[in-house]
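Close look at the chain arrangement
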Amino acid sequence: MENKKKILVLVTLSMFVAIGVVISPILRFEGFAPTAHFVNVVCSVFLGPWYSLANAIITAAIRMTLMGIPPLAITGQVFGAFLSGFLYRKSKGSILACVIGEIIGTGIIGSIASYPVMTLLWGKGDITWYFYLPSFLIATLIGGSVAFIFLKTLQKSKVLYKIQENLGVNVYEKSKANPKS
């Protein structure tokens, strides 16, 4: 039975990667990809911080390779992906904490980390350290808000708990979760 859960987790991770790649062109321009943040938050709640980080890295690598997207694909995903999953687990199931993790991780940390990457490695010397901050924050707010509504809907219908149980990840039922989430 344990092997079946591992396979289900890997299939789910693969589906998140596929969804992330396919929907990434929607509302996307340099430094602004709200659909990536939606996928990050949902993946963090379904699978946790490490799988969310893996999803972000794999999705970013595919997007960079096949779509010619600059390294912003990595800096704009990995910090938020991990931090959203980490805060979700640390808060014992607060979806709001998960979204806040995405906003801080990508909207602030990722946008600032993009400066040296784009300046030194990509040759964009005409930008400042806060150049990507507004677009990253707006994108994470949009993607995080949509993910919040989606996950709260799943939570209210108890479908979220069934998904988490089937995947074998931590399940934070409403009675145990932060009531403010």
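Since the model is a prediction, treat every value here as computed from it, not as a measurement.

Here the structure, examined in full by the defined rule, presents 5 aromatic pairs. Measuring from ring centre to ring centre gives 6.0 Å for Phe82 and Phe86, while their planes differ by 20°; the resulting arrangement is stacked. Of this pair, Phe82 and Phe86 both sit in helix H5 (residues 78–90), separated by 4 residues, roughly a single helical turn. The partly exposed category is assigned to Phe82, whose relative accessible area is 25%. We classify Phe86 as partly exposed; its relative accessible area is 35%. Measuring from ring centre to ring centre gives 5.7 Å for Tyr132 and Phe136, while their planes differ by 45°; the resulting arrangement is tilted. Judged by its relative accessible area of 3%, Phe136 falls in the buried class. Chaining the aromatic ring pairs together yields one cluster made of Trp50, Phe82 and Phe86.

A separate point is the side chain of Thr106. Within the element layout of this structure, Thr106 appears in helix H6 (residues 95–121). Residue classification places Thr106 among the buried residues on the basis of a relative accessible area of 0%. Ignoring anything within four residues of it in the chain, the contact list for Thr106 reads His37, Gly76, Gln77, Phe79, Gly80, Gly101, Ser111, Phe136 and Thr140.

As a further point, take the packing of helix H1 (residues 2–23) against helix H2 (residues 34–47). The relative placement of two packed helices is expressed as an angle between their axes plus a distance between the axes. Where H1 meets H2, the closest approach of the two axes is 9 Å, and the angle between their N-to-C directions is 170°. Between H1 and H2, the angle is such that the two are roughly antiparallel. The segment H1 lies against H2, with Val9, Thr12, Leu13, Phe16, Ile19, Gly20 and Ile23 engaging Thr35, Val39, Val42, Cys43, Phe46 and Leu47. Residue composition of the contact of H1 with H2, grouped by class: 10 nonpolar, 3 polar and no charged.

What follows covers the UniProt feature "transmembrane region" (unreviewed entry) in the protein. Under the UniProt annotation, the feature "transmembrane region" (unreviewed entry) is placed at residues 6–27, 68–88, 95–117 and 129–151. Overall, residues 68–88 shows 71% helix and 0% strand. The separation of its end C-alpha atoms is 32 Å.

Rules of the game
Residues numbered from 1 in each chain as written. Predicted model: local features only at pLDDT ≥ 70, side-chain atom pairs only at ≥ 80, totals over all residues. Heavy atoms only, no water. Phe/Tyr/Trp six-rings, centres within 6.5 Å; stacked < 30°, edge-to-face > 60°. Helix = DSSP H or I, 4+ residues; strand = E, 2+ residues; numbered from the N terminus. Buried < 20%, exposed > 50% of the residue type's maximum accessible area, 1.4 Å probe, protein only. Contact = heavy atoms within 4.5 Å. Axes fitted to C-alpha atoms, helices over the stretch in contact; angles between N-to-C directions. Parallel < 35°, antiparallel > 145°, perpendicular 65-115°, else oblique. Nonpolar A, V, L, I, M, F, W, Y, C, P; charged D, E, K, R; others polar. UniProt positions renumbered as here; feature names shortened; annotations may be inferred.

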